[in-house]
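What follows is the residue order along each chain.
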Amino acid sequence: MPSFPRETHLQLEPFFAGPGLDRADSARADTERLEQLASDPLARELVWSDGIPAIGDDGALQWRYVSDPSLFLGIDAGSPRFSAIQDEVAAGPSVFSQIGNLSQNAAPIFAAALSLARWHSRHRFCANCGNSSAIVRGGWSRRCQECDAEHYPRVDPVVIMLAEHDGRLLLGRQYHYPPGRYSALAGFVEVGETVEDAVAREIREEAGIEVAGVTYVASQPWPFPSSLMIGCTAQALDDALTVDLAELEDARWFTRDEVKSALEGVDGAPFQAPPRHAIARTLLERWLAA
Ligand SMILES: [Zn+2]
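Presented here is an overview of the structure given in this document. Owing to the predicted nature of the structure, the values given are computational and were not obtained by experimental measurement.

Below, the discussion takes up the packing of aromatic side chains. Within the structure shown, the criterion is met by eleven aromatic pairs. For the pair Phe-15 and Phe-16, a centre-to-centre distance of 5.0 Å together with 75 degrees between the ring planes defines the contact as edge-to-face. With a relative accessible area of 0%, Phe-15 lands in the buried category. With relative accessibility at 1%, the residue Phe-16 sits in the buried group. Taken together, a centroid distance of 4.9 Å and an interplanar angle of 85 degrees make the contact between Phe-96 and Phe-224 edge-to-face. A residue pair is termed long-range when its members are at least 10 positions apart, and Phe-96 in the loop between β6 (79-83) and α3 (107-122) and Phe-224 in the loop between β13 (211-222) and β14 (227-236) qualify at 128 residues.

Okay, structure coming up:
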C-alpha cells in the first residue's frame, strides 16, 4: 500500500471561517470617519508579499503604519486595519503552497483581504457602461464615475458535498490532485438554482447518482479568488457509479474505517485526505465524529 504525506491536524471548524475583524460597516459610508480611523495612532496597514498578504514565521499577518488606506478591512480591538490597493494579486492554486503555516486566527482576515484586493485589481471599469469606476465605502464597493452604477465585490457560491450510501462515502479525484488524493465532489451553484438542487445536480453529473435529503453542514470563504464553499451531506439512492471522466479521474465509495485511516494519515491508508485548509476535510472529520 502507498504511504502519503502525513497530515493529522484536526479541523472540525472550517479554515478561513471565523469573525476575523469587526467589519465596522457603519464607518464605510462615512468619509470623515474613515479619515479619522486612518490617522488613528493605532491604525495599521496590511503588508503584502508576492501578491498575497505576507505571513510571518508564526503564521500571523504582518502590519505596518498606514500609507495608503484605500481598503478599510475593519477594526481589531481598537486598531483600525487597512490595506493598500494592489496591482498584482495572486488568487489561484499557486497560493496554496504559500499558506502552509497561516494561522487559523489570521485566516479570515487573509481571505477577506485577498478576495477584496483581487476584485479591485480586476474590476476597475464599470460593467454597465465601460467607464472607470472609483472606490467607495472604504473599498467595499465601486461607483461608476459616468453612469453612477454601484458594483459590489463578487462572491461565487460553490456546493461541496459528501454523498453517503449504506455507511460509505462517495469521494472523487480530480486530475490535478496530488497522488492518492480523494476529496468531496464540488461545483458552482448556477443562477436560478437552490443549494439543494445544485448538490443533487453535481452528484448526478459527476457520478451518475441520485440523492435525497440534502443537509447543510458548514460554509467556508475560499479566496481563490472569491468562492463561498457551502458544505453539505446527502443520501445516495443507490451506489452504481457512472463517473464523468471529463470532470473526474475517479470516484469511489469509502468505508468509515478507510476514511478514518486517511484522516489519521496512517501507513497504508487507502487515500490521501484533503488538507486542513479545505472544508472537505472538515466535512470528513464531522462525518466521522457524528
Ligand atoms: Zn458606468
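Topologically, Ala-29 is positioned in the loop between α1 (25-28) and α2 (31-38). Residue Ala-29 is classed as exposed on the basis of its relative accessible area, which comes to 58%. With 218 residues separating them along the chain, Ala-29 and Glu-247 place their C-alpha atoms 44 Å apart.

In this section: the coordination of the zinc ion. For the zinc ion, the full set of protein donor atoms is Cys-126 (SG), Cys-129 (SG), Cys-144 (SG) and Cys-147 (SG), at a range of 2.3 to 2.4 Å. What the four donor atoms of the zinc ion show is an angle range of 98 to 117 degrees at the metal, which sorts the shape as tetrahedral. Spacing between the donor residues of the zinc ion along the chain follows C-x2-C-x14-C-x2-C. With Cys-129 in the loop between α3 and β7 (133-136) and Cys-144 in strand β8 (residues 141-144), this pair connects stretches of sequence that are 15 residues apart.

Quick look at the sheet that holds β8 now. With antiparallel pairing, three strands are arranged side by side in an open sheet as β7-β8-β9. The outermost strands of the open sheet, each flanked by one partner alone, are β7 and β9 (150-151). Pairing analysis gives two bridges linking β8 to β9, with the strands arranged antiparallel. Its bridge partner lying in β9, Arg-143 is registered against Glu-150. Together, β7, β8 and β9 form the strand contacts of α3, whose direction differs from that of β8 by roughly 20 degrees.

Before going further, it helps to spend a moment on the sheet that holds strand β5 (residues 71-76). The strand order across the open sheet formed by four strands is β4-β1-β6-β5, and the pairing between neighbours is mixed. The open sheet is flanked by β4 (63-64) and β5, the only strands paired with a single partner. Against the sheet, α2 engages β5 and β6, with an angle of about 100 degrees to β6. This element, α3, spans β1 (44-46), β4 and β5 of the sheet and lies at about 165 degrees to β5.

Our focus in this paragraph is the pattern of salt bridges. Under the criterion given, the structure shown has 18 salt bridges. We note a salt bridge from Asp-156 to Arg-154, for which the minimum N-O separation is 3.0 Å. With a relative accessible area of 16%, Asp-156 lands in the buried category. For Glu-285, the salt bridge identified is with Arg-281, shortest N-O distance 3.2 Å. Here Arg-281 and Glu-285 lie together in helix α6 (residues 279-289), a separation of four residues that amounts to about one turn. This pair shows no difference in class: Glu-285 is buried, exactly as Arg-281 is. One salt-bridge network, held together by shared partners, links Glu-190, Glu-193, Arg-201, Glu-202 and Glu-205.

Calculation rules
Residues numbered from 1 in each chain as written. Predicted model: local features only at pLDDT ≥ 70, side-chain atom pairs only at ≥ 80, totals over all residues. Heavy atoms only, no water. Phe/Tyr/Trp six-rings, centres within 6.5 Å; stacked < 30°, edge-to-face > 60°. Buried < 20%, exposed > 50% of the residue type's maximum accessible area, 1.4 Å probe, protein only. Helix = DSSP H or I, 4+ residues; strand = E, 2+ residues; numbered from the N terminus. Donors = N, O, S within 2.8 Å, 3.2 Å for Na, K, Ca; no water. Tetrahedral: all angles 85-135°; square planar, octahedral: opposite > 155°, others 65-115°. Pairing = 2+ DSSP bridges. Contact = heavy atoms within 4.5 Å. Axes fitted to C-alpha atoms, helices over the stretch in contact; angles between N-to-C directions. Salt bridge = Lys/Arg side-chain N within 4 Å of Asp/Glu carboxyl O.

Any functional reading would require information that these geometric values do not contain.
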